[in-house]
Amino acid sequence: MKILITENMGYIGSSVVRRLRDSYPKARLIGVDTGFFAHCLTNAKRLPETRLDAQYFMDVRDIPASLLAGVTGVVSLAAISNDVMGQIDEKLTQGVNCLASIRLAKLAKAAGAKNFVFASSCSVYGFAEDDSKTEQSEVNPLTAYARSKVMTEKGLKPLADRTFKVTCLRFATACGMSERLRLDLVLNDFVAGALLTKKVTVMSDGSPWRPLIHIQDMARAIDWAVFRPAKNGGPFLVCNAGSNAWNYQVKELAQAVVHEIAGAVVSINTSAPPDKRSYRVSFDYFNALAPKENQPKINLTDAVLELKQGLEEMAFNTPDYRNSHFMRIRVLMELRNLGLINSDLRWKKGNC
Ligand SMILES: NC(=O)c1ccc[n+]([C@@H]2O[C@H](COP(=O)([O-])OP(=O)(O)OC[C@H]3O[C@@H](n4cnc5c(N)ncnc54)[C@H](O)[C@@H]3O)[C@@H](O)[C@H]2O)c1
């Protein structure tokens with residue numbers, strides 16, 4: 001059994017690798033990542049990549065067919081996961097997030113792989129406050145990132161058949177402690193703010209809906225999808241991945257954080273223009289399809305406490321954390337400003 005995981009050196013990747021290694025100790029696990037955040041480790045006890053059988057430092061756009069030889073499953077975490085980057089260069093976002101994933105799926109199918117899992121996103125629903133969005137609802141992608149997810153799903157569909165199952169998991173917004181932490185995600189940002197500045201600064205009026213999922217629960221879902229039989233959802237499956245209980249308004253998240261962190265207060269920007277990214281999502285389909293052990297298990301309070309403990313153990317005490325290397329855009333911009341990567345997000349020769 002050989003599983004290839006792209007972009008395994010990101011926020012979610014280390015959690016996915018850990019889960020797959022625990023579930024399949026004898027499987028050959030291969031990682032492919034260009035390594036933009038390789039140095040952004042968070043109090044890791046070991047380099048997360050040592051759980052793999054092989055790590056390839058490679059651009060996902062360049063993966064050769066030979067790397068797929070003998071592969072049974074592929075987990076595609078491929079993405080420039082940042083709305084700001086997407087605004088700067090939508091074509092680049094499409095190239096990495098969409099075209100490279102579709103190309104990879106074609107290579108995987110040709111190599112005889114049985115399952116392809118694509119990390120999609122609930123952000124495809126855009127503004128959707130009135131009712132909970134299901135997989136049958138219209139999509140309304142508002143950013144380059146969300147558009148790239150919709151286009152990838154479309155491009156993957158014709159590839160699926162009974163021997164090559166494709167699963168697009170539309171994940172809720174991620175949260176939780178990781179060996180490569182991000183603080184540009186709503187809950188993680190709130191916990192860092194509460195701990196380091198004693199203030200949770202809500203950039204909107206707090207009313208937007210934002211379903212969340214813990215990264216360990218994302219890994220649980222991927223663990224199911226990477227071996228999913230066709231009778232369990234069909235050859236091509238698009239599925240919201242998360243749990244109904246985690247549909248929160250941003251102000252509820254802020255309140256939950258200050259409840260657990262003594263002395264912290266919530267600051268809501270009452271004059272902020274309405275945040276257009278607001279959606280409630282139904283996870284009923286995922287709940288019906290995935291086995292119980294692959295359903296989300298972590299609750300909001302535990303997620304907050306875990307992040308608090310993680311930040312404390314890191315002895316991270318930078319009040320200006322929104323300018324730290326736990327913000328993706330900051331790391332990418334630094335690599336660009338230092339002349340290490342090109343404008344098309346490739347390492348310059350000699351810097352790889
Ligand atoms: N974080 C979330 O809230 C969230 C929610 C839903 C879905 N997802 C999806 O999950 C996946 C993983 O997200 P994440 O938060 O771990 O992202 P991340 O930004 O933390 O990590 C992305 C990884 O991709 C690598 N990478 C970027 N461009 C590359 C390229 N051209 N070739 C090879 N590697 C490249 C980076 O080095 C990095 O290790 C993405 O597809 C994302 O869209 C994330």
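The structure under discussion appears in the preceding block.
Residues numbered from 1 in each chain as written. Predicted model: local features only at pLDDT ≥ 70, side-chain atom pairs only at ≥ 80, totals over all residues. Heavy atoms only, no water.

S.K.: I tried to follow the overall build of the protein on my own but got confused; where do I start?
M.R.: Tallying secondary structure elements over the protein gives 10 helices and 14 strands in all. A compact globule built from 352 residues would reach a C-alpha radius of gyration of about 20 Å, and the protein, at 19 Å, matches this within 12%. Taking the principal axes of its C-alpha atoms as reference, the protein extends roughly 55 × 50 × 40 Å. Each of the 352 residues in the protein was classed as buried or not, and the buried ones make up 59%. Put simply, the protein shows about 14600 Å² of open surface, and 52% of that area lies on carbon and sulfur atoms. Between the mean site of the 45 positive side-chain charges and the mean site of the 35 negative ones, the protein shows a separation of 6 Å. (Helix = DSSP H or I, 4+ residues; strand = E, 2+ residues; numbered from the N terminus. Rg over C-alpha atoms; globule rule 2.2 N^0.38 Å. Buried < 20%, exposed > 50% of the residue type's maximum accessible area, 1.4 Å probe, protein only. Areas by Shrake-Rupley, 256 points an atom, 1.4 Å probe, with all protein chains shown as cover. Lys, Arg positive; Asp, Glu negative; His and termini not counted. Charge placed at Lys NZ, Arg CZ, Asp CG, Glu CD.)

S.K.: Sorry if this is basic, but what is going on with the sheet that holds strand β10 (residues 209-214) here?
M.R.: Each strand in a sheet pairs with another by means of backbone hydrogen bonds, the pair being arranged parallel or else antiparallel. What the 3 strands build is an open sheet, ordered β8-β10-β12; its pairing is mixed. Among the strands making up the open sheet, the edge pair consists of β8 (173-175) and β12 (247-249). The sheet shows a mean angle of 50 degrees between the axes of neighbouring strands, direction not considered. With 3 bridges joining them, β8 and β10 adopt parallel strand pairing. Counterpart to Cys175 in the pairing with β10 is His214. The strands that helix α6 (residues 215-225) touches are β8 and β10; relative to β10, the one it contacts most, it runs at about 70 degrees. (Pairing = 2+ DSSP bridges. Axes fitted to C-alpha atoms, helices over the stretch in contact; angles between N-to-C directions. Contact = heavy atoms within 4.5 Å.)

S.K.: How should the environment of Arg103 be read in this particular structure?
M.R.: Within the fold, Arg103 resides in helix α3 (residues 90-110). The sequence separation of Arg103 and Leu196 amounts to 93 residues, and the corresponding C-alpha distance is 43 Å.

S.K.: I'm lost on the site of the ligand in this one. Help?
M.R.: Around the ligand, the structure places 31 residues, and the nearest of them are Glu7, Asp33, Val60, Tyr145 and Arg182. Between Leu77 and the ligand, the recorded distance is 2.9 Å, taken from a backbone N or O atom to an oxygen atom. One of the side-chain N or O atoms of Arg328 is found 2.9 Å from an oxygen atom in the ligand. Contact with the protein chains hides 97% of the accessible area of the ligand, taken as 840 Å² for the molecule alone. Listing elements by their share of the shell around the ligand, those giving two or more residues are β5 (115-121), α4 (144-156) and β8. Element by element, the count of residues in the shell around the ligand is highest for β5, at 3 residues. Classifying every residue of the shell around the ligand gives 17 nonpolar, 7 polar and 7 charged. (Near = heavy atom within 4 Å. Polar contact = N/O pair within 3.5 Å; in protein donor to acceptor, adjacent residues only side chain to side chain. Nonpolar A, V, L, I, M, F, W, Y, C, P; charged D, E, K, R; others polar.)

S.K.: I'm lost on the side chain of Ser178 in this one. Help?
M.R.: Within the secondary structure, Ser178 sits in the loop between β8 and α5 (186-197). Within the local environment of Ser178, its side chain forms a polar contact with the backbone oxygen of Tyr11, the two atoms lying 2.8 Å apart. Reaching out from Ser178, the side chain makes a polar contact with the backbone nitrogen of Arg180 at a distance of 2.9 Å. Sequence-distant contacts of Ser178, defined by excluding residues within four places in its chain, comprise Tyr11, Ser14, Thr42 and Ile215.

S.K.: Mind showing me how you'd approach the packing of α5 against helix α7 (residues 250-260) here?
M.R.: Look at α5 against α7: their axes get within 10 Å of each other, and the N-to-C directions meet at 40 degrees. By the angle class used here, α5 and α7 are oblique. Considering the relative orientation of α5 and α7, their crossing is right-handed. Where α5 abuts α7, its residues Val186, Leu187, Phe190, Val191 and Ala194 lie against Val250, Leu253, Ala254 and Val257. (Parallel < 35°, antiparallel > 145°, perpendicular 65-115°, else oblique. Left-handed = near helix turned anticlockwise from the far one by under 90°.)

S.K.: Would you mind going over the sheet that holds strand β4 (residues 73-76) with me for this structure?
M.R.: Pairing is parallel across the open sheet formed by 7 strands, whose spatial order is β3-β2-β1-β4-β5-β7-β11. In this open sheet, the two strands that pair with only one neighbour each are β3 (54-57) and β11 (236-241). Strand after strand, the sheet turns through a mean of 15 degrees between neighbouring axes, direction not considered. Lying over the sheet, α6 contacts β4, β5, β7 (165-171) and β11, oriented at roughly 165 degrees with respect to β7.

S.K.: Is there a simple way to think about the nonpolar core in this case?
M.R.: In summary, soluble globular proteins display a tendency toward joint burial of nonpolar side chains. One finds Leu20, Leu169, Phe171, Leu181, Leu187, Phe190 and Val257 to be the most contacted residues of the largest nonpolar core, which totals 78 residues. A total of 8 residues in this core trace back to one element, the largest contributor, which is α5. Formed by 41 residues, the second largest nonpolar core is a distinct cluster that contains Cys98, Leu159, Val238 and Leu335. (Core = buried A, V, L, I, M, F, W, Y, C linked by side-chain atoms within 4.5 Å.)

S.K.: I tried to follow the pairing of β4 on my own but got confused; where do I start?
M.R.: Moving residue by residue along a regular strand, the side chains alternate between the two faces of the sheet. Burial along β4 is two-sided: the residues Gly73 and Val75 and Val74 and Ser76 are all buried. Looking at chain direction, strand β1 (residues 2-6) and β4 are connected through 4 bridges and run parallel. The residue bridging Thr6 from the neighbouring strand is Ser76, located in β4. With 4 bridges joining them, β4 and β5 adopt parallel strand pairing. Across the sheet, residue Val74 finds its bridge partner in β5, namely Phe116.

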